[in-house]
Amino acid sequence: MRSAWRRAPDPGGRVDGSTRNRRDGSVRGRTDGIPRSRTGGRSDAAARVRRREAAVRAAFLAPAAAFLLLFLGRPLLDNITTSLRDSTAATLLGGSAPFTGPDNHIRLLASEEFRQAAATTVLYTAGSLAAQFTVGLALALFFQRRFPLGRIVRSLMLLPWLMPLVATGTVWRWMLDTDDGVVNGALRALHAVPSGVPWLTGTHEALWSVILVNTWVGIPFNTALLYAGLQAIPPQVHEAARVDGAGPVRLFRSVTWPLLRPTAGVVLVLGAVYTLRAPDVVLALTGGGPAGATRTLAALAHEQAYARFDFGRAAATGNVLVLVSLGLALLHLRAVRRARTP
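Notes on the structure follow.

Scoring rules and cut-offs
Residues numbered from 1 in each chain as written. Predicted model: local features only at pLDDT ≥ 70, side-chain atom pairs only at ≥ 80, totals over all residues. Heavy atoms only, no water. Helix = DSSP H or I, 4+ residues; strand = E, 2+ residues; numbered from the N terminus. Buried < 20%, exposed > 50% of the residue type's maximum accessible area, 1.4 Å probe, protein only. Contact = heavy atoms within 4.5 Å. Areas by Shrake-Rupley, 256 points an atom, 1.4 Å probe, with all protein chains shown as cover. Core = buried A, V, L, I, M, F, W, Y, C linked by side-chain atoms within 4.5 Å. Polar contact = N/O pair within 3.5 Å; in protein donor to acceptor, adjacent residues only side chain to side chain. Axes fitted to C-alpha atoms, helices over the stretch in contact; angles between N-to-C directions. Parallel < 35°, antiparallel > 145°, perpendicular 65-115°, else oblique. 1 Å grid on protein atoms, 1.4 Å probe; cavity = no way out; pocket = protein on both sides within 12 Å on 5 of 7 lines; lining within 4 Å. Points joined across faces, edges and corners; volume = space filled by probe spheres on them. Nonpolar A, V, L, I, M, F, W, Y, C, P; charged D, E, K, R; others polar. Phe/Tyr/Trp six-rings, centres within 6.5 Å; stacked < 30°, edge-to-face > 60°. Patch = residues over 30% accessible without salt bridge, like charges linked within 9 Å, V, L, I, M, F, W, Y side chains within 5 Å. Salt bridge = Lys/Arg side-chain N within 4 Å of Asp/Glu carboxyl O.

### Quick notes on the overall build of the protein chain
Moving on, step 1. For the protein chain, the helix and strand inventory stands at 16 helices and two strands.
Moving on, step 2. Going through the 342 residues of the protein chain one by one, you find that 30% of them count as buried.
Moving on, step 3. Residue pairs at least 24 apart in sequence account for 64% of intrachain contacts in the protein chain once pairs closer than 6 positions are excluded.
Moving on, step 4. For the protein chain, the computed accessible surface area is about 21700 Å², with 66% contributed by carbon and sulfur atoms.

Set out below in structure tokens:
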């Protein structure tokens, strides 16, 4: 009777210690009506699944990461170490290059040829990108229309981009020759010019000629990517805009261009990086001349390395090109991230 009275709750609603312990234990052992052991098992299983997924992702990314480190990271590291030393043909034969620190970069940035090459690079890159993108976008819009042999024509347009740049430069150098070139021959036959135009030997004409050839090379690349971007736009969007009364100009400005802008950003960034780093067209046409009128930074690095054998200065010029290309890529990624953020 006494033990039963002790286990019973008092009139105030209180319980004794044993009852409180049993109830508290049952409450602490449950989370939202689910036993703790069952909740812990589910969390452990979810953690194992996440670890397994992370391991699978790492396994797929490991070959790509190894490739980048081996074929991109190591040459970049070697270029940086070379730019910090007085690396010339004599030091390579001697087996040791003295460490000079940032001296190669300081002398490069202070030189007049670097400033001239940087200005030429800006004009060459901006002119090429503007012409390539404008013509490529016009052709991409044109190829959206269905017409006979449209696929064959689109395929043939890739030939200038697929040809080796050295072969392209050689053919264009023959076509733009002052005396025997096809272009001057045609202009003289049409009585458009009294004598041959110095396309590649004039200090004012050479840069525009190089831009023209580089534009011809890059148009297929721009056309292909922009055409793919146009094809990804749902046709229902254009149909709805036409129903609302939008004309061709308003349709392009308000519908097509906003949806094509991410693709256009990729095309411009890739075109800029490719134009900055590739000296093939310049070297095949003019070799950087006349009088340095077409010497870009990439052509300057090539001249420093293989004509002057100043490998440290050439590596410093290459570092500048890498930093500029990296900056363009980061700006593009930041713009894309802002566009996706609501």
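### Brief notes about the nonpolar core
Moving on, step 1. Tyr 124, Val 210, Val 213, Val 281 and Leu 285 are the most contacted members of the largest nonpolar core, which totals 14 residues.
Moving on, step 2. Mapped by element, the contributors of at least two residues to this core are α9 (165–175), α11 (205–231) and α14 (280–285).
Moving on, step 3. Top contributing element to this core by residue count: α11, with five residues.
Moving on, step 4. Excluding its chain neighbours within four sequence positions, the residues that come into contact with Leu 285 are Gly 169, Trp 172, Arg 173, Leu 200, Val 210 and Val 213.

### Let's talk about the side chain of Thr 294
Moving on, step 1. Within the secondary structure layout, Thr 294 lies in the loop between α14 and α15 (297–306).
Moving on, step 2. Residue classification places Thr 294 among the buried positions, given a relative accessible area of 1%.
Moving on, step 3. One polar contact links Thr 294 to Thr 286, side chain to side chain, over a distance of 2.6 Å.
Moving on, step 4. Ignoring sequence-local partners within four residues, the contact set of Thr 294 consists of Thr 120, Ala 206, Leu 207, Val 210, Val 282, Thr 286, Gly 288 and Gly 289.

### Notes on unusual backbone geometry
Moving on, step 1. Of note, the bond from Gly 289 into Pro 290 is cis; its omega dihedral lies within 30 degrees of zero at -5°.
Moving on, step 2. With respect to the helices and strands, the residue Pro 290 is situated in the loop between α14 and α15.
Moving on, step 3. In the Ramachandran plot, Ala 291 falls in the positive-phi region, its phi being about 55° despite a non-glycine side chain.
Moving on, step 4. Following the sequence through the fold, Ala 291 ends up in the loop between α14 and α15.
Moving on, step 5. Even without a glycine there, the phi angle at Phe 309 is positive, about 55°.
Moving on, step 6. In this structure Phe 309 comes out as partly exposed when scored by relative accessible area, which is 41%.

### Digging into the packing of helix α6 (residues 112–143) against α15
Moving on, step 1. At a minimum axis distance of 8 Å, the contact between α6 and α15 shows a crossing angle of 140°. By the angle class used here, α6 and α15 are oblique. Seen from α6, the contacting residues are Glu 113, Phe 114, Ala 117, Ala 118 and Thr 121; seen from α15, they are Leu 297, Leu 300 and Gln 304.

### A closer look at the layout of surface pockets
Moving on, step 1. Counted as a void, the largest pocket has a volume near 690 Å³.
Moving on, step 2. Lining the largest pocket we find 21 residues, and of these Leu 141, Phe 143, Gln 144, Arg 145 and Gln 231 sit closest to its centre.
Moving on, step 3. Secondary-structure elements contributing two or more residues to the lining of the largest pocket are α6, α7 (150–156), α11, α12 (235–243) and α13 (248–277).
Moving on, step 4. For the lining of the largest pocket, the class distribution of residues is 10 nonpolar, five polar and six charged.
Moving on, step 5. Taken as a whole, the second largest pocket spans an internal volume of roughly 520 Å³.

### Quick notes on the packing of aromatic side chains
Moving on, step 1. Evaluated as defined, the whole model comprises seven aromatic pairs.
Moving on, step 2. Pairing Phe 252 with Trp 257 gives two aromatic rings, centres 6.4 Å apart and planes at 35°, and the pair type is tilted.
Moving on, step 3. Taking the relative accessible area as the measure of exposure, Phe 252 reaches 26% and is therefore partly exposed.
Moving on, step 4. Cluster of aromatic residues (ring-pair linked, three or more members): Phe 133, Phe 252 and Trp 257.

### Looking at a nonpolar patch on the surface
Moving on, step 1. Residues Leu 149, Ile 152, Val 153, Leu 156, Leu 159, Trp 161 and Leu 162 make up a contiguous nonpolar surface patch of roughly 690 Å² in combined accessible area.
Moving on, step 2. For the nonpolar patch, the secondary-structure elements that each account for two or more residues are α7 and α8 (159–162).
Moving on, step 3. Among the structural elements, Val 153 can be located in helix α7.
Moving on, step 4. The class for Val 153 is partly exposed, based on a relative accessible area of 32%.

### Focus on the environment of Asp 86
Moving on, step 1. Among the secondary structure elements, Asp 86 is positioned in the loop between α3 (36–83) and α4 (89–94).
Moving on, step 2. Residue Asp 86 is classed as partly exposed on the basis of its relative accessible area, which comes to 30%.
Moving on, step 3. Residues Asp 86 and Gly 312 lie 226 residues apart in sequence; the distance between their C-alpha atoms is 5.6 Å.

### Overview of the pattern of salt bridges
Moving on, step 1. In total, this model carries six salt bridges according to the counting rule given.
Moving on, step 2. Of the charged contacts, one joins Glu 112 and Arg 115 as a salt bridge, the two residues approaching to 3.0 Å between their closest N and O atoms. Highlighted residues: Glu 112 and Arg 115, both in helix α6, separated by three residues, approximately one helical turn.
Moving on, step 3. The exposure class assigned to Arg 115 is partly exposed, which follows from its relative accessible area of 44%.
Moving on, step 4. We note a salt bridge from Arg 308 to Glu 113, for which the minimum N-O separation is 2.9 Å. One end of the pair, Arg 308, is in the loop between α15 and α16 (311–340); the other, Glu 113, is in helix α6, with 195 residues separating them in the sequence.
Moving on, step 5. Here Arg 308 falls in the partly exposed class, since its relative accessible area comes to 37%.
Moving on, step 6. Ionic contacts of the salt-bridge type, sharing partners, join the residues Glu 113, Arg 295, Glu 303 and Arg 308 into one network.

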